[in-house]
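Coordinate inspection notes
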Amino acid sequence: MQMVKKILVILVAFWIATILLAPKRDLYFFAQKKLQESEILLKAETIEETPFGVTLEKLRLSYNGLTLGTWKEVRIWSLIFYSEIDAKDFIPSAMLQYLFDGKIGKMRLRYSLLHPKRIMLILSGTLGTARGWIDVKKRIIFLQWTKIGKLGSLQKYMKRDKRGWYYERRF
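Description of the structure in this document. Remember, it's a predicted structure, so these values are computed and weren't measured experimentally.

What to know about the overall build of the protein
Each helix and strand in the protein was counted, giving two helices and 10 strands. Going residue by residue from the N terminus, the α and β elements of the protein occur as α-α-β-β-β-β-β-β-β-β-β-β. Expressed as lengths along the three principal axes of its C-alpha atoms, the size of the protein is roughly 65 × 40 × 25 Å. Counting across all 171 residues of the protein, residues that qualify as buried make up 30%. Residue pairs in contact within the protein that sit at least 24 positions apart in sequence constitute 29% of those at least 6 positions apart. For the protein, the distance from the average site of its 31 positive side-chain charges to the average site of its 15 negative ones is 7 Å.

Here's the deal with the nonpolar core
One finds Tyr28, Leu56, Leu59, Trp71, Ile104, Met107 and Trp145 to be the most contacted residues of the largest nonpolar core, which totals 27 residues. For this core, the elements supplying multiple residues, two or more each, are β1 (40-50), β2 (53-63), β3 (66-78), β4 (82-92), β5 (104-112), β6 (115-125), β7 (128-135) and β8 (140-148). For Leu59, the contacting residues outside a window of four places in its chain are Tyr28, Leu42, Lys43, Ala44, Gly69, Thr70, Trp71 and Val74.

Considering a nonpolar patch on the surface
Together, Leu8, Val12, Ile16, Leu20, Leu21, Phe52 and Trp77 give the surface a local cluster of nonpolar side chains, amounting to about 650 Å² of exposed area. Among the elements that take part in the nonpolar patch, helix α1 (residues 2-21) stands out by supplying five residues, more than any other. By the secondary structure assignment, Leu21 is in helix α1.

Scoring rules and cut-offs
Residues numbered from 1 in each chain as written. Predicted model: local features only at pLDDT ≥ 70, side-chain atom pairs only at ≥ 80, totals over all residues. Heavy atoms only, no water. Helix = DSSP H or I, 4+ residues; strand = E, 2+ residues; numbered from the N terminus. Buried < 20%, exposed > 50% of the residue type's maximum accessible area, 1.4 Å probe, protein only. Contact = heavy atoms within 4.5 Å. Lys, Arg positive; Asp, Glu negative; His and termini not counted. Charge placed at Lys NZ, Arg CZ, Asp CG, Glu CD. Core = buried A, V, L, I, M, F, W, Y, C linked by side-chain atoms within 4.5 Å. Patch = residues over 30% accessible without salt bridge, like charges linked within 9 Å, V, L, I, M, F, W, Y side chains within 5 Å. Areas by Shrake-Rupley, 256 points an atom, 1.4 Å probe, with all protein chains shown as cover. Salt bridge = Lys/Arg side-chain N within 4 Å of Asp/Glu carboxyl O.

Dropping the structure here:
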């Protein structure tokens, strides 16, 4: 029994050391490089490492050369088996203002190795509040609105069922 405890302590210590000593800034640059292959460009004004992740300030999001908007703050937090991205205050560019004239106040993405094919998604802002998921294997995004805000012309892309308004799209 003592041997099992020692092995368990060593594994936990190795796991914590890996998390604390991992090059978080390099993980951001790796993700940035991978997204560039799909013509998605991320550009952060400030990158600050934390013990369990990285904080990005004024993160500009562009797709295919067009700026979509800017996140005021994005925190990426990871325990290797479980990761979270918290983004605050997305301000759409002038180009997207015709689609919705609001902002996304908060967005949370969660990924766990227990559910490797899905990324959980929570949004809230002037559009309302939505919960959903992104299926990585089937390439589907699904959002179910729990509280409706001012959707504007975004509503024409949504559907309605007995549970309320939802958005579903393949990518």
